[in-house]
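Architecture and fold: a report
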Amino acid sequence: MLADIASTMLDLANNSVRAKATSLRIRLVEEEDKNRFLLWIKDNGQGMDRKLLEKVQSPFFTTRTTRKIGLGIPFAKELAQLCEGRFCLKSKPGQGTLIAIEMKADHWDRPPLGDVGEALSTLIQSAPEVEIRFGAKKNQKRFTLNTTKLKELLDGVRLDSPDVILWIKDYVRQELTKIEMR
Ligand SMILES: Nc1ncnc2c1ncn2[C@@H]1O[C@H](COP(=O)(O)OP(=O)(O)OP(=O)(O)O)[C@@H](O)[C@H]1O
Ligand SMILES: [Mg+2]
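Notes on the structure in this doc start here. Fair warning: this is a prediction, and the values are worked out from it, not measured in the lab.

**Quick word on the packing of helix α1 (residues 5–18) against helix α3 (residues 72–82)**
- Remark: α1 packs on α3, axes separated minimally by 10 Å, with the N-to-C direction vectors making an angle of 135°. Here α3 runs oblique to α1, going by the angle between their axes. Of the two elements, α1 crosses α3, and the hand of that crossing is left-handed. Residue-level contacts link Thr-8, Leu-12 and Asn-15 of α1 to Gly-72, Ile-73, Phe-75 and Ala-76 of α3.
- Classifying every residue of the contact of α1 with α3 gives four nonpolar, three polar and no charged.

Next up, the structure:
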């Protein structure tokens with residue numbers, strides 16, 4: 001079974017958080033004229049050296065001790081290939097990691113978008129101290145969310161308080177509907 005795009009996004013973002021990123025940029029871009037759908041994540045975490053970079057692209061490797069098989073990165077790579085797109089993984093130790101999954105937007109195997117509001121609010125709740133800059137673009141329409149700006153607006157109310165997390169979830173869902181990303 002294929003995970004939807006929102007779950008894949010959350011999986012990869014969790015990798016960044018585990019790699020001690022303090023800043024995380026996530027983009028979803030759909031361009032109908034180019035028949036392209038892109039999931040892009042860039043972090044400033046601990047990064048990977050060349051050897052690890054090679055290893056992590058094989059499905060039987062993980063540095064986690066709680067689970068035996070890491071499916072995150074190999075799955076992302078497979079997804080891009082399956083959907084006749086491209087996969088990009090760049091990383092430098094001490095600097096950070098960039099991962100991009102491009103898919104043919106109308107490809108039969110392209111997973112549904114899933115619940116991006118749920119994924120983002122879950123991510124923010126689990127890592128409220130990380131600066132998360134999210135951007136979605138569908139054709140010419142955009143939506144962005146920046147947790148640093150949000151914190152300023154909240155004026156002392158915690159970003160991970162239940163009310164705020166709920167609000168973020170609904171807000172993201174609404175705004176993505178407005179730009180017709182689904
Ligand atoms: N953004 C990242 N920054 C630094 N290292 C990373 C990053 N993403 C992945 N890694 C390294 O690659 C390994 C494999 O990642 P992958 O997502 O495939 O599996 P996992 O995270 O170990 O397990 P799972 O995703 O099933 O929880 C990680 O254990 C980690 O060592
Ligand atoms: Mg992972």
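**Things to note about the packing of aromatic side chains**
- One pass over the structure, following the stated rule, counts three aromatic pairs.
- Taken together, a centroid distance of 5.5 Å and an interplanar angle of 75° make the contact between Phe-143 and Tyr-171 edge-to-face. Remark: Tyr-171 occurs in helix α6 (residues 162–178) and Phe-143 occurs in strand β6 (residues 141–146); sequence separation between them is 28 residues.
- Judged by its relative accessible area of 24%, Tyr-171 falls in the partly exposed class.
- Taking the centre distance of 4.6 Å and the plane angle of 15° together, the rings of Trp-167 and Tyr-171 count as stacked. One end of the pair, Trp-167, and the other, Tyr-171, are both in helix α6, four residues apart, so they sit about a helical turn from each other.

**Comments concerning the layout of surface pockets**
- Of the voids in this model, the second largest pocket is the one considered here, and its volume is about 260 Å³.
- Along its surface, the second largest pocket is lined by 14 residues, and Arg-133, Phe-134, Thr-144, Leu-145 and Asn-146 are the ones closest to its centre.
- Each residue belonging to the lining of the second largest pocket can be placed in one class, and the counts come to seven nonpolar, three polar and four charged.

**Remarks on the pairing of strand β1 (residues 23–31)**
- The buried fraction of β1 amounts to seven of the nine residues, a majority that puts the element mostly inside the structure.
- In the sheet, β1 pairs with strand β5 (residues 131–138) via eight bridges, with the strands oriented parallel. Residue pairing in the sheet places Leu-24 in a bridge with Ile-132 of β5.
- In this structure, β1 lies alongside strand β2 (residues 36–43), joined through eight bridges in antiparallel fashion. In the sheet register, Arg-27 faces β2, and the bridge partner there is Trp-40.
- The hairpin formed by β1 and β2 contains four residues between the paired strands, and Asn-35 there has a positive phi angle of roughly 55°.

Thresholds applied
- Residues numbered from 1 in each chain as written.
- Chains lettered and ligands numbered in written order.
- Predicted model: local features only at pLDDT ≥ 70, side-chain atom pairs only at ≥ 80, totals over all residues.
- Heavy atoms only, no water.
- Axes fitted to C-alpha atoms, helices over the stretch in contact; angles between N-to-C directions.
- Helix = DSSP H or I, 4+ residues; strand = E, 2+ residues; numbered from the N terminus.
- Parallel < 35°, antiparallel > 145°, perpendicular 65-115°, else oblique.
- Left-handed = near helix turned anticlockwise from the far one by under 90°.
- Contact = heavy atoms within 4.5 Å.
- Nonpolar A, V, L, I, M, F, W, Y, C, P; charged D, E, K, R; others polar.
- Phe/Tyr/Trp six-rings, centres within 6.5 Å; stacked < 30°, edge-to-face > 60°.
- Buried < 20%, exposed > 50% of the residue type's maximum accessible area, 1.4 Å probe, protein only.
- 1 Å grid on protein atoms, 1.4 Å probe; cavity = no way out; pocket = protein on both sides within 12 Å on 5 of 7 lines; lining within 4 Å.
- Points joined across faces, edges and corners; volume = space filled by probe spheres on them.
- Pairing = 2+ DSSP bridges.

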